[in-house]
Every structure is written in C-alpha cells, then in structure tokens.
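# Remarks on the overall topology
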Amino acid sequence: MGFTFTLLMPKIRPSAWFLIAAGFCWLLLLLSTLSRGQPIPGLAANWPRWLLLVAQGGFAACVFLYTRVQPDALIGQNFIGLLRALFRRGLALSVALLVLVGIDQLATAHTLPLPGNITTAVVYTIALALFIVFLAQVLYAWRSLVSFRGGAKLRREWMVFELTLGLALMMQLLVWQMSPSLRLGVGIGLALFGVYLSGHQRWVAYLNNSQKWQAILLQLGILGFTLLFLFYLRNAQNDPVLLAPATQLSFLVLSSFFASFYAIAGLLITLFNLPIAEVFEQRRAEILGLQHLSQIIQRGQSAPEIYQMLFNSAIQTIKAHAAILMPERQPGELTKSSLTTLRYQFSADDIPLVEPLLTPLPGTPRVVELIDNNLERSKRLAGSSIPYGSMAVLPLQSTSHNYGTLLLLHKEPHAFDSEVLSILHTFTAQTVLSLENLQLAQESLSNQRTQDELRIAALVQERLIPKRLPTDDWFEISTYAQAAKEVGGDFYDFLHLPGQKLAVLIGDVSGKGVTAAFHTAQMKGIFHALMQANPLAKKERDRYPDPHRFMVQANEALTHCLERSSFITAAFYLIDYQAGGFSFARAGHCHTLYYHSIKEEVSYFRTEGLGLGIIRDVAYEKHVKTQFWDYNPGDVMVIYTDGIVEARDGEGNEYGEERLRQMLEACFYQSAEEINEHLRHDVQEFSRGQPLHDDQTLLVIKFKAAQPHT
Amino acid sequence: MKVTTHTSTDTLTLVLDGELDASSAVVLDAELNKPEILNYRKVLVDCQRLSYISSAGLGVFISHLQRLQDSDVKLVFFNMQEKVFNVFEILGLDSLMHIVPTEQEAQAA
C-alpha cells in the first residue's frame, strides 16, 4: 500500500510540503475568520477559536520553516544584492497590501459590488499572510547577515533564538491562557536576545563607500515596509467588522521587533561608520600601495624603471601635491642610460629652493632625512610658487651607497605623520633593496662573463700546446711555455714531415683573452693546412710551401678576421735534414738566436720581415722573404717570444737580447733540455719577484753532434 | 701617458709623454680618430718622452696608417728612444712608417 502510494505521488520536494501545508492552513484561517463574522450561506458559523489560532500558527510556522530551508540568499559578499532583493519583495508586497486596502475601502463604501464584510475579512487574511511571508524573508536574510563571519558559536545562538521564537509561537497555540507576566517575561527575554544578535553587523565593514549609502537607503525602505504592515494590522485589529481574536501578537510582534531592530542597528552602524571608514580606506589604500610596489619593484629591469615605480607609488599613496626624485649614478654602473631627475607638479622656478636639500652638505657624505610638517611656521620654502604645508626629504641609501633623494610636498600641514612616514620608509627601503639587487646581478653577470672568457681561453691554450715533441736521431728539441695570468697569444707548433723534414712555427698574437686565443688556434690551423705535401711537385724543395709563401698565405687568411688594430708576429722554419739546411721567414717576430759550431760564435739572425696583419693586401708579399742557412752538427737554434727578452727586473730593466746571447754562449755544448733549463732559469732569476705580464715561450733545437748517415 | 698637440698651418704635432700601454692606447686612438686630422698635410709624432710602447699602442698607429695614407697625410715619427725604435724595427714597421731622428728632418719630410 505504501509502495504504490509513493509511486502514485508525483515527486515533490520536501520543502514544498511546507508550502502545501501553509496553503492548507491559510484556507483554514480564512474560513475561520469568515465564520466569525457575518453568517455566510454554506459556512458553519463561529468556528472554534482554537482552530483559528492553530490555522494562524500553523501558517506562520510553515512559511517560516519553508523559508528556513531555502538556500542561503546571500551569495558571496553581495550584501547589497541581498538587501535589494529583500527591498523589491517588500515593495511588491506593500503595493499588494495597498491595492487590497484600496479594494476593501471601495467595497466598504459600496463603490464596488462586493460584500463589505467578507471583503474586509479576506483582505485582512491575505494581508496577514503577506506580512508573515515578508517577515520570514527579512528574518532569514538577517540570519545570513548576522552569521557572516560569525563562526559556529553564533550559529548556535541563532538556533537558540529560532527555537525560542518557535516556542513563543507554540505557547500561544497550546496554552492560550498564559499569565501576562510570564508572557511579558518571555517577550522581553526574546527582545533582548534580538538586541544582542543585532550587534553582529560585521558585513557593514566590507562595504565600500557607495555601497554603504545604498545599504542605508535599502534598510530604511525595508523598515518602512515593516512599519506599513504593522500599522495596517494594528488598525485592522480595531475594525468592528473583523471580530477576530487577537492574532499571534507575541510571535509576530517579536519577529517584527527583531526585523526592525536589526535594520535600525545596521543603518546606524553604517551611518556612524562612514567617517571612520574613510580613514580606514585611506590606510588600506596605503597598504595596498605598498604591496603593489613590492610586487612590481621586484620585476624592475633597470634602475630608471625602479626609480619611476617608487616615484609613482609614493605620490599616489600619500596623495602628494608635488614631488622630485633625484637619482644618483653608482660608480661602475654598466647601464649607460642616463638617470633623469623625476618631477611631478613641481615648478622649475622652485628648484633652486630645494636643491640644497637634495644634495649633501659640504663635509657630510650623504643627504639627511628631513621632515617638516609645518612649512608655514618654519618658512623653509618661503618664496615657493605654491604655498606648501608640509615636506619630506627622504634619502635613498644603504649602508654603503647613496642612490638618490626623494622629496615630497603636500599643501596641508601635518601630512607626514608617523604612519605615513612608516609607509614611505618601507617604500624607500624596498627601492634601495631592489637597486642593490639589480647592481649585484649586473656585477655578477659581468664577472661571470669575464671568468668564462678566461676559462675558455685557458682551455684553448691548453689544447693547442703540442703534447708530443717530434724526435729523431738528428735533432733534439726542448720547449718551455708559460702563459701570463691574463691569457695571452703565444703559440708554437712542430710538424715532423716525411723526408726527414721538421717544420717549426712560433708566434705571438697581440692582445689578450678569447680573441687572442682564437687567433693562435687559427695560426696553428693554417700551419697544419699548409704543411701538406704537394703531390705534383717535381722538385723536393717544392714539395712543401716555402716560408715566404707560408707567411703570405697566413697573412691572407688573417685579413678577413683579425681585429682592426691587432697584428701577429711569427717565425717559420723548414729544416731539411737531407739537404743539411733550413729555410725560414721572420714576420715581425723576435730574431733567432743561433750558435754556429764551426765559427764557435753565438749571434742573431737579423732578417727583414713585416708582422702579419699590418698590410692586409697583396702588397705584403714584398715585405717578407725566405732566408736560407746550412746547419752543422752541434749547432743550436734558440727561438723565443718577447716575453723572454722583455722580462723586467725590479728596477724596470729588460732582460734583453744581449743577456740571452751571453747565456747561450755559456751552455751551447749541453743538451737541448739543459740549455733550455739554463736559459729560462736565468730569466726567472732576473725577474724574480716580478709578476709575469706577458706569455713566455722558449724553444731550443739542437742539431746532434753526430749526424747519422742518410 | 699624456698626449699634447701643437698645430701649425698644415702640420699637427702629437707629443707623447710616458708609457703607451693598453689604456692610453684608447686615448690615442680617440685622438687619431678625429676627422680634423685629415685636413693636415703632416702628422708628426714627438717620441722623445715616450718610454715604452705596447702592442696595443703599435696597433693604434698601424690601424690609422692606411687611412692617413689614403688622405695623403704623412705620418712621421721623430726623436724616438732606442728601445722604442727597436720594437718598431723588429716588427718591420721601420720600412713602413717614416721614422727619423730629429724634428728638423721630420719637418722637412
């Protein structure tokens, strides 16, 4: 039976049952009221009083319960929306009321063909119903507002309030002969509870200025509608036509009381809040301004940007009437952009007045902060085009640097109170921090770059050092190379060629760093590329390019990429064992030191030859030439770079060619390795304690005393 | 290093005092880059007080050589100290640039 019942019943929401019950109660109420008046055909007269009360109570209860279970009317923080909706409903209901009253008046005056008494009763019942509906709406709207940010405790208190209100309603129903003092007591208790709840108006603080005024007006409206209904009902009570018993006065009165009191309280609080609110708005704006500055200033890419951000934020936040920001360039600042002084509403004529304030006093390292809140009295800016009231001079400085000065002016005196100053100090501190960060970032970047360059250059240098020296039975080679702290451009290389030939290259790229390292690599590349045997050569000596051609081709290759004011010195030797001699070319490089075993003398080959990269066209050909020399067993060749002969001692004297020559004279008979050691040892002795400021390279080639037969 | 200039109708004389290292080479380069230089017939360089020349300094002179030659401006060095002249000589610049012992010869060049 129950099963089929649920099947047959259409799907009705639980809350809708309340509406249905309410409608039923209302009908009951209507009929009861009618029955108590003039007899109406078809209607039993004088329905019992309790039925009337039950109908009223039941209706009120159902409407309230129905409204209670509706979803919260407050969406987010849209308080004005809530009030507006409530106002609209109130307005609609009030208009309906007035229409009904109008009809009633007309019926009573017999203008309308309606039975007067019945009309009055019907109108009254409808009006009552409308009022109850309105009250329910208001009460539960107030619930949303009361419990906004109220917490669990407040929700419990509201529950208690509701229950007590419900009890008041029930009491009237069940015990309608309550003692007046008890009734009064309960009434006062509930009223006080309502007053207490009306204190919870936290939502008012979340309104902005225009919303506050709207709230006041809407609350007034709602109050008005409530009073209108109360006025009508009070009058209706006294209507002789309406012989209805006192309605559930206590319940309705209490609800109306709370509804009105909350509205009044809210209204007053909003009204009194307004002037205080302005101050809070201002403070809030300042704090937001600070937050905003903190965020954007961290994204500042350049010093001018950061200064501009500070300037704008400071002016906006404290509503300055004029301002100047004079930045100060930091030593070693990489950005070449000029830092212009920022001005806002500041007449150029007034600049001389403030200039002394913006620069440090003679003898002092920095600008001092100055706050003058009564310029009129101190006459500090007497003579300015606009009479200012207060002034703040704020230096932007860290413990180590001065970044500039900010000057703010306000027309009112006492504009720079302690709170404003604390905000401004935070602004300037943020700015200095950002500027310092920016500087550090730039420095670190350039440091990193320099380090990277040096590292790469050192790496290249390291890679290009010939790891294995050629060995053969007719010569000895010994090498020594020391790079200066700043990577320079010395290079050397050997190639042991088929046919018992030895090619030797030495050189020095002017300049330092990565570019020099690049060119040393280039020279070595040219060396290896050009020392390829020509398969078509008919004569042995044509098999490999001669030194002159080597230099010309090297010069040609360099023209395209050597920097404008760079050049390269080089010397190239092609030693031929079978021929017993060598050919060489000197392109601006140090003269070759040679020990002639037959003559037993040590001397320099003084040959002509222009450095590479000086004449960058074919005319260079004429400036370098190949020399030939036959060697004898026991001969020693010493090849070096200018870092050797230009090494300085403590008094600024150079080591020089002569001293090198004398050293070789003393040790030529030793092995290449020993000779090399002697020579470099002497150089190191000579320049002991002095820093190395140019690369040093020293190659010793000794033709063995006993040359094996071919 | 200090660079002082004397001018006469058709001659510009640069007097170099001190060591021509990498940083002073930049100053010299700026001086030689001035377009007015090309209006002179001769540019004389007084090297009496030039005690040292680095590869940067040499590079500056080398780089302006062609430009001056193309505008028919003669570049003449005089009163060069021996060790400075040595540097020019090893590099082979003595065959490329006019280097004379005295000022008179420089004026006459």
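Residues numbered from 1 in each chain as written. Chains lettered and ligands numbered in written order. Predicted model: local features only at pLDDT ≥ 70, side-chain atom pairs only at ≥ 80, totals over all residues.

### Some details on the sheet that holds strand 11 (residues 593-596) of chain A
Residue and element names in this part refer to chain A. The strand order 6-15-14-11-12 describes an open sheet built from five strands, whose pairing is antiparallel. A single partner strand is all that each edge strand has here, and the edge strands are strand 6 (475-482) and strand 12 (601-604). On average, adjacent strands in this sheet sit at an angle of 15 degrees to one another, irrespective of strand direction. Inspection of the sheet shows strand 11 paired to strand 14 (residues 636-640) by three bridges, in the antiparallel sense. Counted as the bridge partner of Tyr594 is Met637 from strand 14. Together, strand 6, strand 14 and strand 15 (696-703) form the strand contacts of helix 18 (residues 672-686), whose direction differs from that of strand 15 by roughly 145 degrees. (Pairing = 2+ DSSP bridges. Helix = DSSP H or I, 4+ residues; strand = E, 2+ residues; numbered from the N terminus. Axes fitted to C-alpha atoms, helices over the stretch in contact; angles between N-to-C directions. Contact = placed C-beta atoms within 7 Å.)

### Quick look at the interface of chain B and chain A
With ten residues of chain B at the contact, the number on the chain A side is 15 residues. Per-element tally for the side of chain B that touches chain A: the top contributor is helix 2 (residues 55-70) of chain B, with five residues. Across the side of chain B that touches chain A, the residue classes tally to five nonpolar, five polar and no charged. (Nonpolar A, V, L, I, M, F, W, Y, C, P; charged D, E, K, R; others polar.)

### Let's talk about helix 3 (residues 49-68) of chain A
Spanning 20 residues, helix 3 of chain A covers 28 Å between terminal C-alpha atoms, matching the ideal 28 Å at 1.5 Å per step. Along helix 3 of chain A, the positions that sit buried rather than exposed are A:Leu52, A:Leu53, A:Ala55, A:Gln56, A:Gly57, A:Phe59, A:Ala60, A:Ala61, A:Cys62, A:Val63, A:Phe64 and A:Thr67. (Expected span 1.5 Å × (residues − 1). Buried ≥ 20, exposed ≤ 12 C-beta atoms within 10 Å, placed from the backbone.)

### A short note on the packing of helix 2 (residues 14-36) of chain A against helix 3 of chain A
Residue and element names in this part refer to chain A. The N-to-C vectors of helix 2 and helix 3 enclose an angle of 155 degrees; their axes lie 8 Å apart at closest approach. Judged on the interaxial angle alone, helix 3 and helix 2 are roughly antiparallel. Helix-helix and strand crossings are classified by hand; for helix 2 and helix 3 the assignment is left-handed. From helix 2, Ser15, Phe18, Leu19, Ala21, Ala22, Cys25, Trp26, Leu28, Leu29, Ser32 and Thr33 reach across to helix 3, where they touch Leu51, Leu52, Ala55, Gln56, Gly58, Phe59, Cys62, Val63, Leu65 and Tyr66. Across the contact of helix 2 with helix 3, the residue classes break down as 16 nonpolar, five polar and no charged. (Parallel < 35°, antiparallel > 145°, perpendicular 65-115°, else oblique. Left-handed = near helix turned anticlockwise from the far one by under 90°.)

### Topic: helix 3 (residues 82-91) of chain B
Among the residues of helix 3 of chain B, those classed as buried are B:Val84, B:Phe88, B:Ile90 and B:Leu91. An end-on view of helix 3 of chain B places all buried positions within 165 degrees of arc, on one side of the element. Buried residues along helix 3 of chain B sit in contact with strand 9 (568-576) of chain A together with strand 3 (42-53), helix 2 and strand 5 (98-100) of chain B. Of the residues flanking the end of helix 3 of chain B, it is B:Gly92, one or two places downstream, whose phi is positive at about 90 degrees. (Arc of directions from axis to C-beta.)

### Quick word on the environment of A:Tyr232
Residue and element names in this part refer to chain A. Residue position: Tyr232 is located in helix 8 (residues 209-237). Along the backbone, Tyr232 and Ala127 are 105 residues apart, and their C-alpha atoms lie at a distance of 8.7 Å. If we skip the residues at most four places from it in the chain, Tyr232 touches Leu97, Val101 and Ala127.

So far we have only geometry, and geometry alone does not tell us how the molecule works.
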